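# Examination of the molecular architecture
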Amino acid sequence: MNSTSTQFVPSRRMGIYEMVGVSGNFKENDYLDSSPSMIFEDTSDGTVGPSNKYDHVARKPADKVLRRLAQNREAARKSRLRKKAYVQKLESSKLRLIELTQELQRARRQGLYKGGELDYGLQGYSGITSPGIATFETGYGQWVEEQNRQVVELRKALQSSNGVTELQFFVNSGMRHYLDLFNMKAAAAKADVFYLMSGMWKTSAERYFSWIGGFRPSELLKVLIPHLEPLSDEQRWEVNNLRQSCQQAEDALSQGMDKLHQIIAETVCDGLLDEGNYLPQLAAAMEKLEPLVRFVNQADHLRRETLQLISRILDIHQAARGLLALGEYFQRLRALSSLWASRPREPA
Amino acid sequence: MDKVQKISSENGVVIFSKSTCCLSYAVHILFQELGVIPYVHEIDRDPEGKEIEKALSRMGFNGPVPAVFISGTLIGSTNEVMSLHLSGSLIPLLQPYRPLN
C-alpha cells in the first residue's frame, strides 16, 4: 500500500472500487496494486463485503456515510479528470516532439544544423540573411553531402584494382568539386564578406583552423604530405617548394590583412569622444571594407592554385590518396565539432 | 602612357600602388620577403595619379592597383604575382634584383 490512508469508493458504473490516496495524486499503480481485500464487486443489492474492515460502517449515522460516499465519488471524479488532462498533455508533447524532429531534419538538410547543435550564431550575427547567403548555405550543405559520397567512391576505387581510368575519373570529379566550392564562395563574398570570413557556414573545429575565410593551404599541404608517400626525390623537392612559396604568400596576405584591420579600426575610431554624430566615420569605414572581398578572393585563389599545382606534381595514385586524405580530414574535423558540441557540461 | 612606361623601365621591380591599398602592401611584403626592395609608386600621392590610373585600366588592371612590372615587363596584379610565386617562376624573374643572393 503506498498511500497513508485510503478510501473505498463504490462505483456502480465501473464495477471496481478505486483506490484514491488522500494526497489526491492519480497513481496508475493504485489500480493494479490491490490485494483481494481491496477489490470489490458491486452486488445487486448495493451492499459491500467482506465485512472485516467495515463492520463499523453500519453503526455510523446514514447521512454521514452518504456524505462520505459522495465525497469519495467527487474525489474519484477529480482524479479521473486529472489523469485525462495528464494523458492529453503527454499526447501533445509527443506530437510536438515529432514536429521538432522533422524540423531538425529539414534544417539539417539545408545545412543550418551543424556540429550537433543549431547554429544560432547566424541569427545572432545578422538577424536577416541575404538571399545570396541563403543560397550559399543550401549549396554548401549539398556540397558537403556530395563530398562525403565522393570520399566513399574514392576509397572504393583505391581499394579495387580497376585501374587508372577509374581513379582518374574520381580525381577529376574531386578537383572539380573543390572548384565548385570556390565559385560558390566568390558569390557569397560579394553578398556578405563578413559572413564568409566568419566561417559561420562551417563547423566549430573547422572554424578554429580558419584563415581568411577557409583553410590555410600550406597547413593542408603539411597535413597531406606524409600520406602521399612514397614520393620521388624530385616530387618531394617540388612539394616542399610549393609549401614554402605558399607559406610566404600567406604571410604576405596576412600582413596585408593586418594593415587593413588597422586602417578600419582607425577610421571607425576617428574623432571618438568628439561632438556630433559618427556617421561620416562609418561611411568612410564602409568604403574601407570593400577590399575585404578582394582579400577573400585572393586567399581562395591561393587555395585553388595550390590544389592545381600539387595535382600536377603527383601521379594519379598519389593524387587520389591526397584527395581522399583531404576529404577524410574534413570529415574528422566535422565529427570533432559534433563530439565537442555534445560533450558533458559542468552544471552552471 | 609615358609615365607608366618611364617608371617601369627605369626601375627593376615596380609596384604601382595607393597609400591605402592593403593588397599592394601585401605584394610589397612578399617582394621584401624574397629579398627585393621594390620601387613603390603611390598614385594617390601623384598629381598625375588620375592619368596613371586610366592608363593602368587600359592595360587591363582592374584594381587598378597593385600593378606590378619587373624588368619593364607587365607582370600583372596580385593574382599573377601569387601564381608565379607558387609555381616557382617569380624568383627567377626577381633574381637580378636580389642583392643578398
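Our subject in this report is the structure included herewith. All values derive from a computational prediction rather than experimental measurement.

Secondary structure assignment for chain B yields five helices and four strands. Ordered by position from N to C terminus, the α and β elements of chain B give α-β-α-β-α-β-β-α-α. Against the 2.2 N^0.38 benchmark of 13 Å for 101 residues, chain B shows a C-alpha radius of gyration of 13 Å, consistent with a compact globule. For chain B, the spread of C-alpha atoms along the principal axes amounts to about 35 × 25 × 20 Å. When each of the 101 residues of chain B is scored for burial, the buried share is 49%. Partitioning the contacts of chain B with sequence separation of at least 6, the portion at a separation of at least 24 is 62%. Of the roughly 4800 Å² that chain B leaves accessible, carbon and sulfur atoms contribute 49%. Distance from the positive charge centre (8 side chains) to the negative charge centre (10 side chains) of chain B: 2 Å.

Right, let's talk about the interface of chain B and chain A for a bit. Contact residues are listed per partner, giving 21 residues for chain B and 20 residues for chain A. Both faces combined, the contact of chain B with chain A buries some 1800 Å², and carbon together with sulfur accounts for 67% of it. Three residues, Cys22(B), Leu23(B) and Leu86(B), lead the burial of chain B against chain A; their summed loss comes to 36% of the area buried on that side. The interface formed by chain B and chain A contains eight residue pairs in polar contact (both at pLDDT 80 or more). Put simply, the parts of the chain that give the side of chain B that touches chain A at least two residues each are helix H2 (22–33) and helix H4 (78–86) of chain B. With seven residues, the top contributor of residues to the side of chain B that touches chain A is H2(B). In terms of residue class, the side of chain B that touches chain A is made up of 11 nonpolar, nine polar and one charged.

Put simply, Glu229(A) and Pro230(A) share a cis peptide bond, and its omega is 0 degrees. Take Pro230(A): it is sitting in the loop between helix H8 (217–228) and helix H9 (233–269). Following Val65(B), the chain continues to Pro66(B) via a peptide bond in cis, the omega torsion being 0 degrees. Counting through the fold element by element, Pro66(B) comes out in the loop between helix H3 (49–59) and strand E3 (67–70).

Residue and element names in this part refer to chain B. Pairing is mixed in the open sheet, where four strands are placed in the order E2-E1-E3-E4. Only two strands of the sheet have a single neighbouring strand rather than two, namely strand E2 (39–42) and strand E4 (73–76). Within this sheet the neighbouring strands show an average axis-to-axis angle of 25 degrees, counted without direction. Across four bridges, strand E1 (residues 13–17) lies against E2 in parallel orientation. For Ile-15, the partnering residue across the bridge sits in E2 and is Val-40. Packed on one face of the sheet, helix H1 (residues 2–10) meets E1, E2 and E3 and runs near 140 degrees to E1.

Moving on to the packing of aromatic side chains. Taken as a whole and assessed by the stated rule, the structure comprises 13 aromatic pairs over all chains. Arranged with centres 5.3 Å apart and planes meeting at 75 degrees, the rings of Phe169(A) and Phe170(A) form a pair that is edge-to-face. Seen from their ring centres, Tyr329(A) and Phe330(A) are 5.8 Å apart, and the 40 degrees between their planes marks the pair as tilted. An aromatic cluster is defined as three or more aromatic residues linked by ring pairs; in this entry it consists of Phe136(A), Tyr140(A), Trp143(A), Tyr178(A), Tyr195(A) and Trp201(A). Lying over the aromatic face of Tyr25(B), Lys259(A) brings its terminal NZ or CZ to 4.8 Å of the ring centre. Positioned above the aromatic ring of Trp340(A) is the side chain of Arg343(A), whose terminal nitrogen or guanidinium carbon lies 3.7 Å from the ring centre.

A separate point is the side chain of Arg334(A). Structurally, Arg334(A) is set in helix H12 (residues 316–341). Non-local contacts of Arg334(A), meaning those with residues more than four positions away in its chain, are made with Tyr140(A), Trp143(A), Val144(A), Gln147(A), Asn148(A), Thr203(A) and Glu206(A).

Procedures and definitions
Numbering of residues starts from 1 in every chain and runs along the sequence as written. The order in which chains are written sets their letters, starting at A; the order in which ligands are written sets their numbers, starting at 1. This being a predicted model, a pLDDT of at least 70 is required before a residue's local features are given, and a value of 80 or more before pairs of side-chain atoms are given or counted; all residues contribute to the totals for chains, interfaces and linings. As a rule here, side-chain values come from all non-hydrogen atoms in the structure, and water together with hydrogens is ignored. Labels follow the DSSP assignment, with helices taken as runs of H or I lasting at least four residues and strands as runs of E lasting at least two, numbered in each case from the N terminus. For this measure, only C-alpha atoms enter the radius of gyration; the expected value for a globule follows 2.2 Å times N^0.38, where N is the number of residues. Any residue under 20% of the maximum accessible area for its type is buried, any over 50% is exposed, and the rest in between are partly exposed; the area is computed with a 1.4 Å probe on protein chains only. When checking whether two residues touch, look at their non-hydrogen atoms; a contact exists if any pair is within 4.5 Å. To measure how exposed things are, a 1.4 Å probe is used in the Shrake-Rupley method; for residues, cover is taken only from the protein chains shown. Just so you know, the count uses Lys and Arg for positive and Asp and Glu for negative, and it drops His and the chain ends. Lysine's charge is taken at NZ, arginine's at CZ, aspartate's at CG and glutamate's at CD. We define buried area as the total accessible area lost by two parts upon association, computed with a 1.4 Å probe and summed across both. The definition of a polar contact used here is a pair of N or O atoms within 3.5 Å, where within protein one atom must be able to donate a hydrogen and the other to accept one, and adjacent residues in sequence count solely through side-chain atom pairs. Each residue is assigned to one of three groups, with Ala, Val, Leu, Ile, Met, Phe, Trp, Tyr, Cys and Pro labelled nonpolar, Asp, Glu, Lys and Arg labelled charged, and all others, Gly among them, labelled polar. Any two strands with at least two DSSP bridges between them are considered paired. All axes are obtained by fitting lines to C-alpha atoms, using only the stretch in contact for helices, and the reported angles, taken between N-to-C directions, cover 0 to 180 degrees. Put simply, two rings from Phe, Tyr or Trp (the six-membered ring, in Trp's case) pair if the centres are within 6.5 Å, and we call them stacked under 30 degrees between planes, edge-to-face over 60, tilted for the rest. Placement of a positive charge over a ring is assigned whenever Lys NZ or Arg CZ falls within 6 Å of the ring centre and within 35 degrees of the normal to the ring plane.

All we've got here are geometric facts, nothing functional implied.
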